[in-house]
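Working through the structure, step by step
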Amino acid sequence: MAQNDNTNPSGSNPLLGVEEHVQGFLQVREAHRRELIDDYVELISDLIGEFGEARQVDLAARLGVSQPTVAKMLKRLAVAGLVVQMPYRGVFLTPEGEKLAVESRIRHQIVESFLLALGISPETARRDAEGIEHHVSDETLEIFRRFTEQGRNPV
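Residues numbered from 1 in each chain as written. Predicted model: local features only at pLDDT ≥ 70, side-chain atom pairs only at ≥ 80, totals over all residues. Heavy atoms only, no water.

This part is about the packing of aromatic side chains. Following the criterion strictly, the structure yields two aromatic pairs and no others. Taken together, a centroid distance of 3.8 Å and an interplanar angle of 5° make the contact between Phe 114 and Phe 144 stacked. Taken together, the positions of Phe 114 in helix 4 (residues 95–117) and Phe 144 in helix 6 (residues 138–149) put the pair 30 residues apart, joining distant regions of the chain. Neither residue differs from the other here; Phe 114 and Phe 144 are each classed as buried. A ring pair is formed by Phe 114 and Phe 147, whose centres lie 5.1 Å apart and whose planes are at 70°; its orientation type is edge-to-face. Of this pair, Phe 114 sits in helix 4 while Phe 147 is found in helix 6, placing the two residues 33 residues apart along the sequence. (Phe/Tyr/Trp six-rings, centres within 6.5 Å; stacked < 30°, edge-to-face > 60°. Helix = DSSP H or I, 4+ residues; strand = E, 2+ residues; numbered from the N terminus. Buried < 20%, exposed > 50% of the residue type's maximum accessible area, 1.4 Å probe, protein only.)

In structure tokens:
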């Protein structure tokens, strides 16, 4: 018996077309790839703002990872032109790295403001924004921004 209500017999949504699946998974993989980079440059920027430099030991402590893990990621960031490491000093952002940190911070603030506007507690909004900021599209992010700026009427 054919169904016309856009559901399959199990009651779930119909299977997406191949291209739609591919695009969705590509977006998620790209977000995961950018997630670590964004988190590192944003934290490095915050540490520089607070302490004048970002040290590997501080990055490791705040990210909850080992110093060798931080060292490996810093090498990737240096190759990408986002950071420079100075012997016996810390890690510093290049202009490109600082630009990325600012963009990441803005995305986080927009998502967090949106969650707060929905009534989410500040602690939960802060934590959830940390994950959502990397996975939300620019289109959705813009709606979040307008929603919070225009008093919950994004249109």
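With that settled, consider the nonpolar core. Core analysis: the biggest nonpolar cluster contains 18 residues, and Ile 44, Leu 59, Leu 74, Leu 77 and Val 83 have the highest contact counts within it. Those elements that place two or more of their residues in this core are helix 1 (18–51), helix 2 (56–63), helix 3 (67–79) and strand 2 (91–93). The biggest single contributor to this core is helix 1, with six residues. Ignoring any residue separated from it by four or fewer positions in sequence, one finds Leu 77 in contact with Ile 37, Tyr 40, Val 41, Ile 44, Leu 82 and Val 83. Membership of the second largest hydrophobic core comes to eleven residues, among which are Ile 110, Val 111, Phe 114 and Ala 117. (Core = buried A, V, L, I, M, F, W, Y, C linked by side-chain atoms within 4.5 Å. Contact = heavy atoms within 4.5 Å.)

Turning to the pattern of salt bridges, a few remarks are in order. In total, this model carries ten salt bridges according to the counting rule given. Note that Asp 38 is salt-bridged to Arg 34, the shortest N-O span being 3.6 Å. Of this pair, Asp 38 and Arg 34 are both found in helix 1, four residues apart, which corresponds to roughly one turn of the helix. The partner of Arg 145 in a salt bridge is Glu 142, and the shortest N-O contact between them spans 2.3 Å. Taken together, the residues Arg 145 and Glu 142, both in helix 6 and three residues apart, mark about one turn of the helix. Using a relative accessible area of 31% as the deciding quantity, one classes Glu 142 as partly exposed. Here the residues in one salt-bridge network are Glu 142, Arg 145, Arg 146 and Glu 149, joined through shared partners. (Salt bridge = Lys/Arg side-chain N within 4 Å of Asp/Glu carboxyl O.)

At a minimum axis distance of 9 Å, the contact between helix 4 and helix 6 shows a crossing angle of 55°. Judged by the inter-axis angle, helix 4 sits oblique to helix 6. You can see that helix 4 and helix 6 cross each other, and the crossing is left-handed. Residues Arg 107, Ile 110, Val 111, Ser 113, Phe 114 and Ala 117 of helix 4 form the contact with helix 6, whose own contacting residues are Asp 138, Leu 141, Phe 144, Arg 145, Phe 147 and Thr 148. (Axes fitted to C-alpha atoms, helices over the stretch in contact; angles between N-to-C directions. Parallel < 35°, antiparallel > 145°, perpendicular 65-115°, else oblique. Left-handed = near helix turned anticlockwise from the far one by under 90°.)

Within the fold, Ile 110 resides in helix 4. Between the C-alpha atoms of Ile 110 and Ile 143, which are 33 residues apart in sequence, the distance is 9.7 Å. Sequence-distant contacts of Ile 110, defined by excluding residues within four places in its chain, comprise Leu 141, Phe 144 and Arg 145.

The next subject is unusual backbone geometry. A positive phi angle, close to 65°, is found at Tyr 88, a residue other than glycine. Here Tyr 88 shows up in the loop between strand 1 (83–85) and strand 2. Judged by its relative accessible area of 86%, Tyr 88 falls in the exposed class.

Looking now at the packing of helix 2 against helix 3. Running from amino to carboxyl end, helix 2 crosses helix 3 at an angle of 110°, the nearest separation of the two axes being 9 Å. Taken together, helix 2 and helix 3 sit at an angle that is classed as roughly perpendicular. The way helix 2 lies across helix 3 gives a crossing that is right-handed. The segment helix 2 lies against helix 3, with Gln 56, Val 57, Leu 59 and Ala 60 engaging Gln 67, Val 70, Ala 71 and Leu 74. Residue composition of the contact of helix 2 with helix 3, grouped by class: six nonpolar, two polar and no charged. (Nonpolar A, V, L, I, M, F, W, Y, C, P; charged D, E, K, R; others polar.)

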